[in-house]
Amino acid sequence: MPTAASTLERIAKLIDAEAHLDITEETFRLRDYRRFLAENRDTIAAFKTRQQAAFEEERARWEAAGQNAIAPELPDAVDAGADADLPPGGEPIACPVPGSVWKIAAEPGRTVRAGDLLLVVESMKMEIDVAAHADGELVEIRCAEGQAVTLGQTLAVIVPAAA
């Protein structure tokens with residue numbers, strides 16, 4: 001049976017990152033842990049204060065955007081005909097998950113390449129990149145930062161470059 005350290009080492013090898021993981025096997029000692037907490041009490045308290053302030057700011061943004069209430073029912077599914085108003089040659093960039101738009105990284109009128117980041121959707125505390133699926137021109141952004149979005153909703157429109 002593999003040890004936790006050997007499992008972490010295999011995971012570290014799978015991650016293509018520049019960070020170095022230093023994994024050592026040790027025995028947990030409550031006395032040492034309590035000493036660590038006592039020695040770092042001030043920095044731990046300062047971190048927790050910053051963390052709580054950030055959380056309160058996030059809750060205030062949710063409230064201002066109307067995202068703090070629980071909906072009595074799920075939103076209607078995105079209408080398949082909703083993309084009928086696409087510009088000539090336009091292709092929708094659909095939302096991959098329900099969530100909220102965290103960041104818009106590109107502006108309309110910009111020439112994009114397949115794989116270029118267009119925007120980031122936050123869902124369940126995860127950031128999901130939404131990228132261009134083809135080379136072309138980004139002609140529309142149909143959402144705003146902080147806006148709640150649904151699965152399949154058109155977030156942007158791209159006109160692919162002629163082949």
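Our structure's up above, just so we're on the same page.
All of the points below concern the structure found in this document. Numbering of residues starts from 1 in every chain and runs along the sequence as written. Local features in a predicted model are, by the rule used here, given only for residues with pLDDT of at least 70; side-chain atom pairs are given and counted only at 80 or more, and totals for whole chains, interfaces and linings are based on all residues. Values shown for side chains rest on all heavy atoms present in the structure; no hydrogens or waters enter the calculation.

**Notes on the overall build of the protein chain**
As a reminder of what qualifies: Helix and strand definitions here come from DSSP, where helices need a minimum of 4 consecutive H or I residues and strands a minimum of 2 consecutive E residues; each element is numbered from the N-terminal end. Only protein chains enter the accessibility calculation, which uses a 1.4 Å probe. A residue is then buried if its area is under 20% of the maximum for its type, exposed if over 50%, and partly exposed in between. Only heavy atoms enter the contact rule, under which two residues are in contact if any of them lie within 4.5 Å. Reported accessibility uses the Shrake-Rupley method at a 1.4 Å probe radius. Residues are deemed covered only where the shown protein chains occlude them.
From N to C terminus, the protein chain includes three helices and eight strands. Taken from N to C terminus, the helices and strands of the protein chain fall in the order α-α-α-β-β-β-β-β-β-β-β. The buried share of the protein chain, taken over its 163 residues, is 17%. For the protein chain, the share of sequence-separated contacts (at least 6 apart) that also reach a separation of at least 24 residues comes to 57%. Within the structure as shown, the protein chain displays about 12300 Å² of accessible surface, and the carbon and sulfur contribution to it stands at 56%.

**Observations concerning the pattern of salt bridges**
Heads up, the condition is: Take a side-chain nitrogen of Lys or Arg and a carboxyl oxygen of Asp or Glu: if they are within 4 Å of each other, that pair is a salt bridge.
The tally for this structure, following the rule as stated, stands at seven salt bridges. Across the pair glutamate 39 and arginine 35 runs a salt bridge, and its minimum N-O distance is 4.0 Å. Pair noted here: glutamate 39 and arginine 35 are both in helix H2 (residues 30-39), with a separation of four residues, about one helical turn. Here glutamate 39 falls in the exposed class, since its relative accessible area comes to 58%. For arginine 35, a relative accessible area of 42% puts it in the partly exposed group. Aspartate 85 serves as the salt-bridge partner of arginine 142, at 3.5 Å between the closest nitrogen and oxygen. Of this pair, arginine 142 sits in the loop between strand E6 (136-141) and strand E7 (148-149) while aspartate 85 is found in the loop between helix H3 (41-64) and strand E1 (91-94), placing the two residues 57 residues apart along the sequence. According to the relative accessible area criterion, arginine 142 is partly exposed, its value standing at 22%. One salt-bridge network, held together by shared partners, links Asp32, Arg35 and Glu39.

Structural measurements only, silent on function.
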